[in-house]
Amino acid sequence: MDNGSGSQKEEITADRTASETTISRTDTLAHDQELGLSQKRWHTTDFGFIPIPKRLRYHPDQPPFHFGLLLNASFGFASTFVVANLYYCQPLLIQLSESFNVSYDEISKVPTLVQAGYAAGLLLISPLGDLVRRRQLILLIVLFSTTLSIPLAVTSSLTVFLAFSFLVGFVSVTPQVLLPLAADLAPAHKRASALSVVFAGLLFGVLIARVFAGIIAQFTSWRVVYYLAIGLQTVVLIGSWALLPDFPAKNQGTGMTYQRILWTMGKYAVTEPVLIQACLVNMGSSASFSAFWVTLTFLLGGDPYNYSTLVIGLFGLVGMFGVAMGPFVGKAIDALPAYYASLVGCIALIIFQVVQVVGNGISIAAVIIAVLGLDIFRQMLQTSLASNIFSIAPEARARLNAVYILSLFIGQVTGTSAGTYVFIHYGWRACALMTLGFAIWQIVILLLRGPGLDRSDSVRGKRWIGWNGTGLERKLNASDITEKEGKSESGNVRPEGVDTKINNDLEQGITATDSDSRRS
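Small disclaimer: the values here were computed from a predicted structure and weren't measured.

Trainee: Can you lay out the overall build of the chain for me, pointing to particular residues and giving the numbers?
Mentor: Helix and strand counts for the chain come out as 21 helices and four strands. Here the chain holds 520 residues, and 51% of them are scored as buried. Expressed as a percentage of contacts within the chain between residues at least 6 apart in sequence, the contacts between residues at least 24 apart total 82%. Element-wise, carbon and sulfur atoms account for 64% of the exposed surface of the chain, whose accessible area totals about 23,900 Å².

Trainee: If you had to explain the packing of helix α12 (residues 258–271) against helix α13 (residues 273–301) to someone new, which residues and values would you point to?
Mentor: To characterise two packed helices, one gives the angle between the axes of the helices and the distance between these axes. Across the interface, α12 lies against α13 with an axial gap of 6 Å and an inter-helix angle of 80°. In this view, α12 runs roughly perpendicular relative to α13, as classed from their interaxial angle. Of the residues in α13, those touching α12 at Tyr268, Ala269, Val270 and Thr271 are Pro273, Leu275 and Ile276. Its residues assigned to classes, the contact of α12 with α13 shows six nonpolar, one polar and no charged.

Trainee: A description of helix α19 (residues 428–448) should follow, citing residues and the corresponding values.
Mentor: End to end, α19 covers 31 Å across 21 residues, agreeing with the expected 30 Å (1.5 Å per residue, within 8%). Along α19, the residues that are buried comprise Trp428, Cys431, Ala432, Met434, Thr435, Leu436, Phe438, Ala439, Gln442, Ile443, Ile445 and Leu446.

Trainee: How would you sum up the nonpolar core? Please name residues and give values.
Mentor: The biggest cluster of nonpolar side chains holds 128 residues, and the ones touching the most others in it are Phe75, Tyr88 and Tyr226. The element best represented in this core is helix α10 (residues 191–219), accounting for 14 residues.

Trainee: Tell me about the pattern of salt bridges, and name the residues and values.
Mentor: Taken as a whole and assessed by the stated rule, the structure comprises seven salt bridges. Among the salt bridges present, the one from Asp184 reaches Arg134, with a minimum N-O distance of 2.6 Å. Highlighted residues: Asp184 in helix α9 (residues 174–185) and Arg134 in helix α6 (residues 134–148), separated in sequence by 50 residues. For the residue pair Asp184 and Arg134, the accessibility class agrees, reading buried in each case. Asp184 is the partner of Arg397 in a salt bridge, and the nearest nitrogen-oxygen pair spans 2.5 Å. In this pair, Arg397 sits in helix α18 (residues 397–426) while Asp184 sits in helix α9, placing the two residues 213 residues apart along the sequence.

Trainee: Residues and numbers for unusual backbone geometry, please.
Mentor: With omega at 5°, the peptide bond leading from Asp303 into Pro304 counts as cis. Tracing the sequence through the fold places Pro304 in the loop between α13 and α14 (309–324). Residue Asn306 is not a glycine yet carries a positive backbone phi of 55°. Tracing the chain through its elements places Asn306 in the loop between α13 and α14.

Trainee: Before we move on, can you summarise the packing of aromatic side chains with the specific residues and values?
Mentor: Inspection of the entire model under this criterion finds 17 aromatic pairs. Considering the side-chain rings of Phe161 and Tyr226, the 5.8 Å spacing of their centres and the 85° angle between planes classify their relative orientation as edge-to-face. Separated by 65 residues along the polypeptide, Phe161 in helix α8 (residues 158–171) and Tyr226 in helix α11 (residues 223–243) bring together distant segments of the chain. For the pair Phe161 and Tyr226, one class covers both residues: buried. Here Phe352 and Phe377 contribute two aromatic rings whose centre-to-centre distance is 5.8 Å and whose plane-to-plane angle is 25°, an arrangement assigned as stacked. Separated by 25 residues along the polypeptide, Phe352 in helix α16 (residues 338–359) and Phe377 in helix α17 (residues 364–389) bring together distant segments of the chain. Stacked on the ring of Phe289, the Lys or Arg Arg378 has its end atom at 5.8 Å from the ring centre.

Cut-off values and rules
- Residues numbered from 1 in each chain as written.
- Predicted model: local features only at pLDDT ≥ 70, side-chain atom pairs only at ≥ 80, totals over all residues.
- Heavy atoms only, no water.
- Helix = DSSP H or I, 4+ residues; strand = E, 2+ residues; numbered from the N terminus.
- Buried < 20%, exposed > 50% of the residue type's maximum accessible area, 1.4 Å probe, protein only.
- Contact = heavy atoms within 4.5 Å.
- Areas by Shrake-Rupley, 256 points an atom, 1.4 Å probe, with all protein chains shown as cover.
- Axes fitted to C-alpha atoms, helices over the stretch in contact; angles between N-to-C directions.
- Parallel < 35°, antiparallel > 145°, perpendicular 65-115°, else oblique.
- Nonpolar A, V, L, I, M, F, W, Y, C, P; charged D, E, K, R; others polar.
- Expected span 1.5 Å × (residues − 1).
- Core = buried A, V, L, I, M, F, W, Y, C linked by side-chain atoms within 4.5 Å.
- Salt bridge = Lys/Arg side-chain N within 4 Å of Asp/Glu carboxyl O.
- Phe/Tyr/Trp six-rings, centres within 6.5 Å; stacked < 30°, edge-to-face > 60°.
- Lys NZ or Arg CZ within 6 Å of the ring centre and 35° of its normal.

The following block contains the structure:
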């Protein structure tokens, strides 16, 4: 009995010792992990030699950055005066043809090359937001777009002007890096509002570029327009250095490469029904919007209005007022599930398209109402669609956005060419009916796949067409939960995925220690 009792005590003592050893090893590993993280050298410079302001440096132990009004507005400002690079040339084509002594047909290559460069940048540069540090990426491409604009202002060679027009378009994709970054930084309950400011900046850029270029070229040389562009982009560059917070690259430690980034971007474009639906709707919306604005000049310059070029230009100011409503549109989207905000936008766009089909050419009031309504609800649709696709994969938002914006670009090209052709051959009314047809296309595509459909990891398991009867209830409940979680963040956020790897390393290390102790 004594021998048995003694051996039991020895076993108990050994078990306790093993247990204490396991706990000690686990605590030690966790401590070592935390010590390693605290001693890790986080970036203090951009490109190894430009100091990052201390308040903008990333460290996991510091409070998260506050995504407030100033930072959000700076995103919109940068979007406005970088995307404007694509549109400065459009009102200047006559002056450019005279300056370079070439035909209109020859000088028309300028806007084509700028847009072609922009499309290439969308495909090849903007997806890098999922691979590299975004502060450095933004600083680099803004620096390039600024310096590459210098030859446009000084050259006397059309060949040089054409080449640098393509290059400037190629690097003018800063807004497409800022959009997914805004989605990462903004609290969940304010995400649509943040996106709406960046989208408003994009539309402001389109309108302001044409207004500035037209006015400046009227009173002085077209070269002054490009000197202004250089100055404004320099302000964007300095502001980006002073305001953009630094974060580690997304998808670090996952083995992601540039080639894989491009491959997965193409994969998302054909396997994600939410993204494909958003792109098809966006193409119709963009085509309708572009066709309307391109042919509006012809409408207002002919019978029965016969307005001067100056008066026609003032309609751009009406459009700017509609764009300025963007933040209010974003708040409305935040209050609704994204799908239903898109549905409201589609219905409203059809209504305002009907107004311009019936009233344009009869009353100028109809034109003004159509301009305001189409601008406001175009933003609502564009922002709600973007908010929806960004929920597909937070770690791939730059790639998802690249595909989405590319669809917008395709819609713009389609709407511009089709609108011009239909107007010239069949008149304004036929063109208005065409834009109404594009609006009907949007809502048909949206209604084909309703909300509430369960997602699956396999392509075959995803539901591409149909509705779920409980979709609205589920969406509303999910929206309520997201809003509560978002409000608890109080605007202080880190981009999704930044701290995940740190936490996973700790958990995996502790789990591995437990497994080792059990085997021993």
